[in-house]
Structures are given as structure tokens and as C-alpha cells.
Amino acid sequence: MSPRGQAARAVSQPAQQPVRRPTVQDVAREAGVSPSTVSRALHTRGYASPAVRARVRAAAERIGYVTDHNARNLRSRTSTSIGVLISDLRNPFYADLAAGIEEELRAAEYQMVLVNDNGDPAEELQAAETLLAMRVPGVIVTPVTAKCPQVLQDNGVHVVCADRELGRSNSDVVLSDNKTGSEELTEHLIGLGHTRIGMLIDETKWSTGAGRLAGFRAAHAAHDLEVDEDLIAYTSFDADAARRTTRKLLNDHHVTAIISANNVLAQGALAELKDRRIKIPRQLSLAAYDDVPWMSLVQPALTTVDQSTVEMGRSCARLLLARIRGELPPRRRIVKVPARLVVRGSTGPAPR
């Protein structure tokens with residue numbers, strides 16, 4: 001056949017039809033039950049005996065049935081998706097927080113819609129509007145501004161603020177016990193003989209930073225030590241900025257120990273100390289709030305406060321689901337997750 005004839009034949013062939021997805025009715029026929037039984041068996045809502053659930057799920061797997069959550073949400077006018085708004089997915093803290101949330105949501109047959117807002121108020125608000133359009137019943141957020149939780153709540157969405165609380169809000173909150181954790185960390189250094197302790201901190205307007213600074217002050221007060229305000233070094237939430245701030249602190253003041261208020265600041269402080277070839281902890285002790293994996297891998301490993309971040313995420317999800325199900329009274333809940341001091345090799349006796 002000539003090339004022209006082959007082309008003509010190709011054009012005349014009908015377009016390939018899309019593959020038909022199996023439906024609830026197909027599963028019902030395969031399992032020998034009604035479509036309504038299939039719906040009950042494949043979801044936690046509604047009763048179906050364990051034997052029927054097993055038979056229906058086996059039938060669904062055989063024919064390749066996948067639940068169409070969009071169609072299900074349209075029928076019920078509700079969504080089984082939960083929004084999760086975080087500030088920086090590259091930061092291990094937020095990754096662990098999201099992992100804990102997802103674990104609880106999956107067990108309850110909800111889906112997580114994860115949005116990284118880069119700590120930007122405009123992006124956070126845009127993400128909130130997107131989640132409202134999706135009709136999600138609840139959102140877990142590490143808020144950048146108080147406006148985001150308020151907008152969501154004003155539109156009937158249940159909100160849990162994670163890790164931080166901004167101003168007065170009606171939303172539920174899950175926090176690390178920041179004050180106690182920071183106080184124990186500072187107590188540890190004071191017990192080693194340190195009285196010239198620098199604190200590297202990026203913010204105090206949120207409950208997170210405010211609590212950690214309060215714990216730092218409380219430990220000093222408990223030992224009748226006056227806090228030298230010049231040793232509280234304010235910086236931005238950036239490792240390079242923290243490195244520069246650490247450099248200035250060391251150039252301008254005598255300190256025998258430094259506490260970094262979070263893992264990002266600890267990264268910058270450690271880089272500056274390494275660059276100066278300061279021997280840790282013989283010449284200077286370094287400690288940090290917020291234990292993340294790299295801290296146990298460096299030499300010496302860093303003394304830290306473990307926030308139990310994955311458990312914090314689980315607590316957020318449990319609280320939000322209980323709120324969605326109407327299992328809690330209207331009064332807001334504030335849940336504090338205990339913090340744990342982890343002593344490693346980066347802290348030692350104060351040098352003479």
C-alpha cells in the first residue's frame with residue numbers, strides 16, 4: 001500500500017475510547033451486595049459486618065475500583081479533605097508536623113491537602129481562599145498572621161492553630177510547652193556553671209518565641225541571676241542571618257554558651273562557631289530548641305529540646321476531627337505537648 005493510502009487508512013480509524021472506570025454498581029455486582037452496602041463497607045461511616053467489608057473490599061480490589069472522592073463530596077455537600085497550611089516544608093519541623101497530621105487523618109479516612117505558604121501572609125490568605133473553595137470542613141495552620149484563621153472561621157471552617165498562637169483567637173491551639181522546655185534547657189547550662197549565656201531568637205510576637213524567651217528569663221530568675229539584655233540577640237528566621245548575628249554577638253560580648261531558639265538559627269550559629277574553629281563545648285557550649293535529625297549527626301551532637309513534633313501533628317488532627325464530629329463543647333481548647341530535654345555532647349562546664 002502507498003504511503004498516501006496508509007495515511008488515509010489511519011485517518012479513517014476511530015479514535016481510541018477512554019477506559020471506563022469501575023463504579024460502585026460494578027463492585028456491588030462483583031460482591032453480590034447492594035450499592036448502598038458497598039458505600040457503607042468502603043467507608044467508616046455506617047454499619048457493615050467485618051465479613052461484608054472484607055468481601056466488598058476484595059471485590060473492589062479485583063476490578064480496580066477507586067473511590068471518587070469528588071463525586072462523593074458533591075453528593076453529600078461535604079468534603080473528606082482537610083487543609084494543612086504550613087510555613088516551610090523544607091524545614092524538618094514542618095515536615096514532621098505534617099507527617100503526624102497525615103497519619104491521624106488517613107486512619108480516619110480523611111485526605112490531607114498540604115499547602116506550603118513560605119511564611120508569606122499574602123500566600124497564606126490565598127491558600128485559605130483556595131481551601132474555602134474546596135469546602136473543606138477543617139484546616140490546621142501554622143499561622144503567619146491572625147487574619148488567616150479568622151477568615152476561615154468566619155466562613156464556618158473549623159481551625160486548629162499549630163505551634164503558635166497569634167493574638168486573641170477563637171480557634172483551638174496545639175503548642176509545644178515552650179516556656180518549660182526553654183527553662184529546662186537554660187537550667188541545664190546554669191547547672192554547668194554558665195552565667196554568660198547568649199540567646200539567639202528570631203521573634204517574640206508569636207507565642208512560640210515569647211514562651212522560649214520567658215523560659216530563658218525564668219531560669220535566670222530562679223538562680224538569682226540578672227539577664228544581660230545585650231546577650232539576647234534578635235535575628236531573622238534564616239540560617240545566614242543567624243550566622244551573621246552570632247558573629248556580632250561573639251565580637252561584641254563575652255559569652256560561654258549560646259541557646260538558639262529553633263533549628264534554623266542553630267544551623268547558622270554552628271556554622272559561625274565552626275568557621276572560627278571554636279572548640280565545642282570546651283571553649284563554648286551550644287544548645288538549641290527543636291530537635292531535628294541533623295543535630296544528632298554533627299560532632300559533637302547538639303543538646304536540644306525535643307518538641308515531639310510528630311505527636312504534635314497527631315494531636316492537631318485528633319483535636320480537629322473531634323471538633324468536626326461535634327464531640328467537643330464550643331469553648332476553645334489549648335493543648336500543650338510536653339517538651340523533653342535531650343543532653344548531648346555540645347554542652348559542658350563553663351570555661352574558667
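Residues numbered from 1 in each chain as written. Predicted model: local features only at pLDDT ≥ 70, side-chain atom pairs only at ≥ 80, totals over all residues. Heavy atoms only, no water.

Undergrad: Whenever I open this one, helix α12 (residues 263-275) confuses me. Can you help?
TA: Three or four residues apart is the spacing at which side chains of an α-helix point the same way, because the helix has 3.6 residues per turn. With 13 residues, α12 should reach 18 Å at 1.5 Å per residue; the first-to-last C-alpha distance of 18 Å fits that figure. Taken together, the buried positions of α12 are occupied by Asn263, Val264, Leu265, Ala266, Gly268, Ala269, Leu270, Glu272 and Leu273. You can read the cap of α12 off the contacts: a side-chain oxygen lies 3.1 Å from the backbone nitrogen of Val264, and it is on Asn262. Once α12 ends, the next one or two residues include Arg277, with phi positive near 60 degrees. (Helix = DSSP H or I, 4+ residues; strand = E, 2+ residues; numbered from the N terminus. Expected span 1.5 Å × (residues − 1). Buried < 20%, exposed > 50% of the residue type's maximum accessible area, 1.4 Å probe, protein only. Polar contact = N/O pair within 3.5 Å; in protein donor to acceptor, adjacent residues only side chain to side chain.)

Undergrad: Where do I start with the packing of aromatic side chains in this structure?
TA: In this description, an aromatic ring pair is defined by two values, namely the gap between the centres and the angle between the planes. For the structure shown, the criterion picks out one aromatic pair. A ring pair is formed by Phe93 and Tyr94, whose centres lie 5.1 Å apart and whose planes are at 80 degrees; its orientation type is edge-to-face. Taken individually, Phe93 and Tyr94 each receive the classification buried, so the pair is uniform in this respect. (Phe/Tyr/Trp six-rings, centres within 6.5 Å; stacked < 30°, edge-to-face > 60°.)

Undergrad: Would you take a moment to explain unusual backbone geometry for this structure?
TA: Glycine aside, residues mostly have negative phi angles, and peptide bonds mostly take the trans form. Here Ile280 and Pro281 are connected by a cis peptide whose omega angle stands at 0 degrees. On the secondary structure map, Pro281 appears in the loop between α12 and β9 (285-289). For Glu109, which is not glycine, the phi torsion reads 65 degrees and is therefore positive. When its relative accessible area of 22% is taken as the criterion, Glu109 is described as partly exposed. We note that Asp163 has phi near 75 degrees; this positive angle belongs to a residue other than glycine. Checked against the element boundaries, Asp163 lands in the loop between β4 (158-162) and β5 (172-176).

Undergrad: Quick question: what am I supposed to make of the sheet that holds strand β8 (residues 257-260) here?
TA: Within a sheet, adjacent strands bond to each other through the backbone by hydrogen bonds, running parallel or antiparallel. Strand order in the open sheet made by the six strands is β7-β6-β8-β9-β10-β12, with mixed pairing throughout. A single partner strand is all that each edge strand has here, and the edge strands are β7 (232-234) and β12 (340-342). Each strand axis lies, on average, 20 degrees off the axis of its neighbour in the sheet, ignoring direction. As judged from the three bridges shared by strand β10 (residues 303-306) and β12, these two strands associate in the antiparallel manner. (Pairing = 2+ DSSP bridges. Axes fitted to C-alpha atoms, helices over the stretch in contact; angles between N-to-C directions.)

Undergrad: Looking at this structure, how should I read helix α8 (residues 147-154)?
TA: For α8, the full list of buried residues reads Cys148, Pro149 and Leu152. End-on, the buried residues of α8 take up no more than an arc of 95 degrees, which puts them together on one face. Turned more than 90 degrees away from the buried face of α8, the exposed residues are Lys147 and Asp154. In this structure, the buried residues of α8 make contact with β1 (81-86), α7 (121-133), β3 (138-141) and β4. Count one or two residues on from α8 and you reach Gly156, which has phi positive near 80 degrees. (Arc of directions from axis to C-beta. Contact = heavy atoms within 4.5 Å.)

Undergrad: Is there a simple way to explain the packing of α7 against α8 in this structure?
TA: Between α7 and α8, the shortest axis-to-axis distance is 9 Å and the interhelical angle comes to 15 degrees. Taken as axis vectors, α7 and α8 run roughly parallel relative to one another. Between α7 and α8 lies a crossing of right-handed hand. Contacts between α7 and α8 involve Glu124, Leu125, Ala128 and Leu132 from the former and Lys147, Cys148, Val151 and Leu152 from the latter. Class assignment for the residues of the contact of α7 with α8 results in six nonpolar, no polar and two charged. (Parallel < 35°, antiparallel > 145°, perpendicular 65-115°, else oblique. Left-handed = near helix turned anticlockwise from the far one by under 90°. Nonpolar A, V, L, I, M, F, W, Y, C, P; charged D, E, K, R; others polar.)

Undergrad: Explain the confidence of the model for the protein to me, please; I cannot follow it from the model alone.
TA: Caution applies to low-pLDDT regions: their predicted coordinates should not be interpreted in detail. Looking at the protein, pLDDT values average 88 and 89% of them are 70 or higher. Of all the helices and strands in the protein, helix α1 (residues 3-12) carries the lowest mean pLDDT, 46, while β8 carries the highest, 98. Counting interchain partners and residues more than four positions distant, the pLDDT-below-50 stretch residues 2-16 has two contacts. Counted against residues more than four places away or in other chains, residues 73-77, with its pLDDT under 50, gives three contacts. (pLDDT = per-residue confidence, 0-100.)

Undergrad: Please explain the packing of helix α2 (residues 24-31) against helix α4 (residues 50-63) as it appears in this structure.
TA: Describing two packed helices takes the angle between their axes plus the distance from one axis to the other. Packing of α2 against α4 brings their axes to within 9 Å, and their N-to-C directions diverge by 115 degrees. As for how α2 packs across α4, the hand of that crossing is right-handed. Contacts between α2 and α4 involve Asp26, Val27, Glu30 and Ala31 from the former and Arg55, Val56, Ala59, Ala60, Arg62 and Ile63 from the latter. Its residues assigned to classes, the contact of α2 with α4 shows six nonpolar, no polar and four charged.

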